[in-house]
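Residue-level structure breakdown
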Amino acid sequence: MKSTKKLTIKQTAQLIKQCSSIALFAHTNPDGDTVGSCIALAHGLKQLGKTVEIFCDYPITGKLATFDEVKLIHNQFFGKYDLFVAVDCGDIFRTGEFSGLYDSQKETLTIDHHGGECFSKYNCLFQYASTCQIVFEILKELGVEFNPTIATYLYMGLCTDTGNFSNSNTDADSHNMAGELINLGADFQHINRTFFRDIELNELKLHARVLSRMRTYYDGQMILLYVHQADIDEFGLDNTVTTGLVHYANDVVTAKVAVCVSQDGENAYKVSMRGKNYNVREVCQHFGGGGHLMAAGCRICGYFEDVIEQLVRVVGFTI
Ligand code: AMP
Ligand code: MN
Ligand code: MN
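Residues numbered from 1 in each chain as written. Chains lettered and ligands numbered in written order. Predicted model: local features only at pLDDT ≥ 70, side-chain atom pairs only at ≥ 80, totals over all residues. Heavy atoms only, no water.

**Overview of the environment of Thr110**
Tracing the chain through its elements places Thr110 in strand S6 (residues 108–112). Look at Thr110 and you get buried, because its relative accessible area is 0%. For the pair Thr110 and Lys6, spaced 104 residues apart in sequence, the C-alpha separation works out to 9.4 Å. With near-sequence residues (within four places) excluded, Thr110 lies in contact with Ala86, Cys89, Tyr102, Phe119, Ser120, Tyr122, Asn123, Cys124 and Leu125. One polar contact links Thr110 to Asn123, side chain to side chain, over a distance of 3.5 Å. (Helix = DSSP H or I, 4+ residues; strand = E, 2+ residues; numbered from the N terminus. Buried < 20%, exposed > 50% of the residue type's maximum accessible area, 1.4 Å probe, protein only. Contact = heavy atoms within 4.5 Å. Polar contact = N/O pair within 3.5 Å; in protein donor to acceptor, adjacent residues only side chain to side chain.)

Written as structure tokens, this is what we have:
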């Protein structure tokens, strides 16, 4: 058993100060929080004269790919580093194909908000609404000079993980941080519009199809949407378009648990779950996934109808 240690923000900043080269790992199937956190960290740490590279085992596509700095993220690992950092990863498997490499390193640090276990030597874990909030505090502690680029990427994570300040994880701290970032020059209008308003015509058509075949269970307490690869291909879209679909289901007033099942390979499905006073993490953990109490995910292999049946059955144990 490796020894692990929880660090405060101050101790985390101290650890980072001692390292001259740092590898950051965004989680597989990256979102705005892991990408925003990594890019803000990389910019801040480079300012302090450190060598920093960002790695992600998954291609950056969709809306995230419209941001210039994502070109800084590498798909293939290279180089030697004093410190390996898993960013926005609730468990080691979130580092995807890099998990073996990560696990074999001596000096590792997790910066995360999922309330998971310590899997690195050092662990900076706070149950904030987004990892970007932890990163903001670390960068402040390090004395980084904030510029509009850093502020914009921090805002990206904050805004996407709080569902544009509407998820149950949103609190006064999230709003206060948004205010601080706006004062530092964050282009919040661009981020809000990109992630929460802009939609391609074909994407909207896909939504219409998905909504038209919504399934409901347990008197409307469980609402399920699904997307087949063929739907995505037919409309000429990529797989990131399924992000956020689950909110339609969650917004139904009777919904306690909202599910979006999207195909992710042959006989493989990515499952997004949201709960209202209902522990969806427990359900996802049953299938080897994880996440937060009210927002979690997993990947299930099998035939489509079998996957749905399993999900409905496992939800049935606790609903
Ligand atoms: P999503 O529905 O993809 O936005 O994911 C919701 C939450 O669940 C995020 O906080 C993810 O970190 C977590 N999550 C999603 N997929 C997985 C998975 N396969 N394993 C563990 N956690 C996951
Ligand atoms: Mn994330
Ligand atoms: Mn996050």
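Anyway, onward from the coordinates.
**With respect to the coordination of the manganese ion (ligand 2)**
Protein ligation of the manganese ion (ligand 2) involves His27 (NE2), Asp31 (OD) and Asp88 (OD), the donor distances falling in the range 2.1 to 2.3 Å. Between the donor residues of the manganese ion (ligand 2), the gaps in sequence give the motif H-x3-D-x56-D. Here the manganese ion (ligand 2) and the manganese ion (ligand 3) are spaced 3.5 Å apart, and both take Asp88 as a donor. Of this pair, His27 sits in the loop between strand S2 (21–26) and helix H2 (32–47) while Asp88 is found in the loop between strand S5 (83–87) and helix H3 (99–103), placing the two residues 61 residues apart along the sequence. (Donors = N, O, S within 2.8 Å, 3.2 Å for Na, K, Ca; no water.)

**A look at the nonpolar core**
Nonpolar side chains in soluble globular proteins tend to be buried together. Judged by nonpolar contacts, the single largest core of 55 residues is most densely connected at Leu24, Leu109, Ile111, Leu139, Leu154 and Leu181. The dominant element in this core, judged by the number of residues it contributes, is helix H5 (residues 148–161), at eight residues. Setting aside residues no more than four positions away along its own chain, Ile111 makes contact with Leu41, Val85, Ala86, Val87, Asp88, Cys89, Cys124, Thr131, Ile134, Val135 and Ile138. Counting 25 residues, the second largest nonpolar core, distinct from the first, contains Val259, Tyr278, Val307 and Val312. (Core = buried A, V, L, I, M, F, W, Y, C linked by side-chain atoms within 4.5 Å.)

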